[in-house]
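Here is how the chains run, residue by residue.
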Amino acid sequence: MGKVAQEMVTKSGINLKTLTDKLIAAAGAEFTTFYYYTILRVAAIGMEGEGLKEIIEDARIEDRNHFEALFPRIYELGGELPRDIRKFADLAGCPDAYLPDSLKGGKSPTGSSLKDLLTVLVEAERCAVRCYTDLCQFTHGKDPRTYDICAAILNEEIEHEAWFSEYLGEGPSGHFRRGKPGTSPYVGRFMTADHG
Amino acid sequence: MAEPSNSGPRKNLTTCATPTPNCAEIESRAKQAWACCPLQKDEWHAALPAEQLPVGKLTKVWFAGKSILLARLEDGTPVAASVICPHQQADLSQGKIYMGAVDCPSHHYLYDLRTGVNRYPRDVFPADLAAQLAHLPLFRVKEEDGWLWVADRAVADRAVADTAAADTASADTASADTAAADTAAADTASDRERDG
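Residues numbered from 1 in each chain as written. Chains lettered and ligands numbered in written order. Predicted model: local features only at pLDDT ≥ 70, side-chain atom pairs only at ≥ 80, totals over all residues. Heavy atoms only, no water.

Caption draft 1: How the structure looks around the interface of chain B and chain A. Contacts between the two partners involve 21 residues from chain B and, on the opposite side, 23 residues from chain A. Summed over both sides, the interface of chain B with chain A buries roughly 1,800 Å², with 57% coming from carbon and sulfur. Considering only the surface of chain B that becomes buried against chain A, H108, Y120 and V124 of chain B emerge as the three largest contributors, covering 30% of it. Along the contact surface separating chain B from chain A lie two salt bridges. Among the elements of the structure, strand 5 (96–98), helix 2 (127–130) and helix 3 (154–195) of chain B are those that each provide at least two residues to the side of chain B that touches chain A. A per-element tally of the side of chain B that touches chain A places helix 3 of chain B first, with five residues. A breakdown of the residues in the side of chain B that touches chain A according to their chemical character gives twelve nonpolar, five polar and four charged. (Contact = heavy atoms within 4.5 Å. Buried area = accessible area lost by both parts, 1.4 Å probe. Salt bridge = Lys/Arg side-chain N within 4 Å of Asp/Glu carboxyl O. Helix = DSSP H or I, 4+ residues; strand = E, 2+ residues; numbered from the N terminus. Nonpolar A, V, L, I, M, F, W, Y, C, P; charged D, E, K, R; others polar.)

Caption draft 2: Representation of the state of the cysteines in the model. All names here are of chain A. Taken as a whole and judged by the stated rule, the model has one disulfide over all chains. Note on cysteine connectivity: C94 is disulfide-linked to C127, with sulfurs 2.1 Å apart. Given an S-S torsion of about -100°, the disulfide between C94 and C127 has left-handed geometry. Of this pair, C94 sits in the loop between helix 4 (85–91) and helix 5 (113–139) while C127 sits in helix 5, and the two are 33 residues apart along the sequence. With relative accessibility at 8%, the residue C94 sits in the buried group. Between C136, a free cysteine, and C150, which holds the nearest cysteine sulfur, the sulfur-to-sulfur gap is 5.5 Å. The exposure class of C136 is buried, given its relative accessible area of 8%. (Disulfide = S-S within 2.5 Å. Buried < 20%, exposed > 50% of the residue type's maximum accessible area, 1.4 Å probe, protein only.)

Caption draft 3: Structural view of the layout of surface pockets. Space inside the largest pocket adds up to approximately 630 Å³. The wall of the largest pocket is formed by 28 residues, among which D21, K22 and A25 of chain A together with P105 and S106 of chain B lie closest to the centre. It is helix 2 (residues 16–43) of chain A that contributes the most residues to the lining of the largest pocket, eight residues altogether. When grouped by side-chain class, the residues that make up the lining of the largest pocket number ten nonpolar, nine polar and nine charged. Empty space within the second largest pocket amounts to approximately 480 Å³. Lining the second largest pocket are 23 residues, with D96 and Y98 of chain A together with H87, Y109 and F125 of chain B positioned closest to its centre. Of all the secondary structure elements, the ones that give two or more residues to the lining of the second largest pocket are helix 2 and helix 4 of chain A. Of all the elements, helix 2 of chain A adds the most residues to the lining of the second largest pocket, at four residues. A per-class count over the lining of the second largest pocket returns 15 nonpolar, six polar and two charged. (1 Å grid on protein atoms, 1.4 Å probe; cavity = no way out; pocket = protein on both sides within 12 Å on 5 of 7 lines; lining within 4 Å. Points joined across faces, edges and corners; volume = space filled by probe spheres on them.)

Caption draft 4: Examining the pattern of salt bridges more closely. All names here are of chain A. By the definition in use, this model includes 20 salt bridges over all chains. Across the pair E57 and R60 runs a salt bridge whose closest N-O atoms are separated by 2.7 Å. With E57 and R60 both in helix 3 (residues 46–76) and three residues apart, the pair spans about one turn of that helix. With respect to burial, E57 and R60 carry one shared label: buried. As a salt-bridge pair, E76 and R145 come within 2.9 Å of each other at their nearest N and O atoms. Separated by 69 residues along the polypeptide, E76 in helix 3 and R145 in helix 6 (residues 144–167) bring together distant segments of the chain. Residue classification places E76 among the partly exposed residues on the basis of a relative accessible area of 23%.

Caption draft 5: Main features of the sheet that holds strand 5 of chain B. All names here are of chain B. A sheet is described by the order of its strands in space; here four strands give the open sequence 5-6-7-8, paired in antiparallel fashion. With partners counted over all chains shown, the strands left at the sheet margins are strand 5 and strand 8 (118–120), one partner each. Geometrically, the sheet is characterised by an average inter-axis angle of 35° between neighbouring strands, direction not taken into account. Bridge count for strand 7 (residues 110–112) against strand 8 is two bridges, and the pairing is antiparallel. If you follow Y111 over to strand 8, its bridge partner there is N118. (Pairing = 2+ DSSP bridges. Axes fitted to C-alpha atoms, helices over the stretch in contact; angles between N-to-C directions.)

Caption draft 6: Summary view of the side chain of H107 of chain B. Summarising the element assignment, H107 of chain B is placed in the loop between strand 6 (101–103) and strand 7. A relative accessible area of 7% means that H107 of chain B is categorised as buried.

Caption draft 7: Local environment of unusual backbone geometry. Cis geometry is adopted by the peptide bond preceding P121 of chain B, which originates at Y120 of chain B and carries an omega value of 15°. Within the chain, S184 of chain A stands out as a residue other than glycine whose phi angle is a positive 50°. Position of S184 of chain A among the secondary structure elements: in the segment after helix 6. Residue classification places S184 of chain A among the buried positions, given a relative accessible area of 2%. Of note, M99 of chain B is a non-glycine position whose phi angle comes to about 45°, a positive value. Looking at the secondary structure, you find M99 of chain B in the loop between strand 5 and strand 6. Take M99 of chain B: its relative accessible area is 73%, and that puts it in the exposed class.

Put into structure tokens, the structure is as follows:
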């Protein structure tokens, strides 16, 4: 842990416990989303679902990358991940992205299982956008390192939201696909592990 | 916490007629003579000078022995709700307003501030889990004589009750659908076994 790094953050007026709690919640959301997106990607089959697979995979791997970029900062600031992964999942800052009922033979709220799937995905990304907007506003002008990490993640979450929103016909994003899934063009510089 | 000045409408600066044991402490914290007084049906209390609640702002005021969330939506409409998130009791006054809903800072659940209905994750959760999501209790609020006035929550409770009834119906339908699907799958398996 970095004593001076922590002191600078505290002196800027940020409550370290509040900040690390927010970061742990964000990391928990990335970790659980990575898990749930695995299930959602597996379920994306059929004539239309196949087209979604790669884009879900891209968001899935980049969410894992976000976890990788976040957790060192938690420890730098004197925080730590919960010992029990069950507690970690409960602390996640966004709700679980469950497989929609319609993909298990149940009723479809939108009338299309594919649209249900996309709605789960786009709302999960919107939750992440709110989460990192909050973190950016909380650290802006006070903790530049945490701010930079969160702003980089926010950039990718906004793109993820736009991809799924575009599939739902909510308007063009102007984006083009990544070179390969999990590229993390913004967050990559904060990662020490190979990220594809 | 907002602390409205005592120069509010005279009729609301009377002492509570039914004080509770901790009334003095509550009144002291809120600097309002009636802050601990239970809300009576159809009885309006001045909560905050209207000018202290700009568009998009959330604030917390003491009222009826507890804190209440006041917010002003984008069209200028003031709303009042419980400040405690029904999910895990987070303080909603630390959240933000997104498209007419309060975004809980803890897990980013969204509650519609006009109806109290959980908007997210209710719209993406499986029906059985969605039916378990509690709604946000609302209070009646009006703007008059430069003040925001709050009264009991009977109107909002009816709206929430209607939504809860719809949720239950939806969950029942989903359960029936799932049961039907399970039965069909079991029949198919049975047929295969018999044929096999």
